[in-house]
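Summary of structural features
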Amino acid sequence: MTPLTANTLKNLLERVDFARQGEIRSLAPNSPTSIDIRFSVQDSARGYDWIDVLFRIEGVNDAKLVSDNVLRGLDMSEGITVEVTPKGAALAIGSYAGRADEAPCYILGTSIGYEELPFSG
């Protein structure tokens, strides 16, 4: 798992176009304070081939999660919002910069990391 900083986050999100039109593959709590969420996205650095990106949020202190059947139906046209600040980290479905806790599905924690994985199509 590679930790995300403000600089690496910007590069990753631009490479995968903020996961716009991507697919949510899974949402899995690892523990009460650790949650994984996996997306299938197109990667511009690989000629727009599909890959999976797994985000792990640690130190979770607030989250609004949805069931698997609702998760698959969430609109990904706006992609995802991922933020890393000195105060913590946030991941939200949709465009919610600065207000992740207003998204239909979000996870707030102390840190976030990611891993690139083969496409699970």
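A brief structural summary. These numbers were taken from a predicted model, which means no experiment stands behind them.

The element strand S7 (residues 88-93) is largely enclosed, with a buried count of six among its six residues. Here S7 shows two buried faces, one formed by Gly88, Ala90 and Ala92 and the other by Ala89, Leu91 and Ile93. When strand S6 (residues 80-85) meets S7, the two strands line up antiparallel, connected through six bridges. Its bridge partner lying in S7, Ile80 is registered against Ile93. In terms of strand pairing, S7 meets strand S8 (residues 106-109) through four bridges, oriented antiparallel.

Once that is clear, we can look at the side chain of Ser34. Mapped onto the fold, Ser34 is located in strand S3 (residues 34-43). Setting aside its immediate chain neighbours within four residues, Ser34 contacts Ala28, Pro29, Arg56, Ile57, Glu58 and Val60.

As a further point, take the sheet that holds S7. Strand order across the open sheet formed by four strands is S5-S8-S7-S6, with antiparallel pairing between neighbours. Edge strands, defined here as strands with exactly one partner in the open sheet, are strand S5 (62-64) and S6. Between one strand axis and the next, the sheet turns by 5 degrees as a mean value, whatever way the strands run. In the sheet, S5 pairs with S8 via three bridges, with the strands oriented antiparallel. Looking at S8, one finds that Asp62 is bridged to Leu108.

Across soluble globular proteins, you tend to see nonpolar side chains buried next to one another. Membership of the largest hydrophobic core comes to 30 residues, with the highest contact counts inside it found for Ile37, Phe39, Phe55, Ile80 and Ile93. Elements with a contribution of two residues or more to this core: helix H1 (6-15), strand S2 (23-31), S3, strand S4 (49-58), S6, S7 and strand S9 (111-117). If you look at the next biggest cluster of nonpolar residues, it comprises seven residues, including Ala90, Ala92, Ala100 and Leu108.

Our next topic: unusual backbone geometry. The phi dihedral of Gln21 falls on the positive side, at around 60 degrees, and the residue is not glycine. Tracing the chain through its elements places Gln21 in the loop between H1 and S2. Assessed through its relative accessible area of 56%, Gln21 is described here as exposed. Despite not being glycine, Tyr48 shows a phi value in the positive range, around 65 degrees.

What counts, and at which threshold
- Residues numbered from 1 in each chain as written.
- Predicted model: local features only at pLDDT ≥ 70, side-chain atom pairs only at ≥ 80, totals over all residues.
- Heavy atoms only, no water.
- Buried < 20%, exposed > 50% of the residue type's maximum accessible area, 1.4 Å probe, protein only.
- Helix = DSSP H or I, 4+ residues; strand = E, 2+ residues; numbered from the N terminus.
- Pairing = 2+ DSSP bridges.
- Contact = heavy atoms within 4.5 Å.
- Axes fitted to C-alpha atoms, helices over the stretch in contact; angles between N-to-C directions.
- Core = buried A, V, L, I, M, F, W, Y, C linked by side-chain atoms within 4.5 Å.

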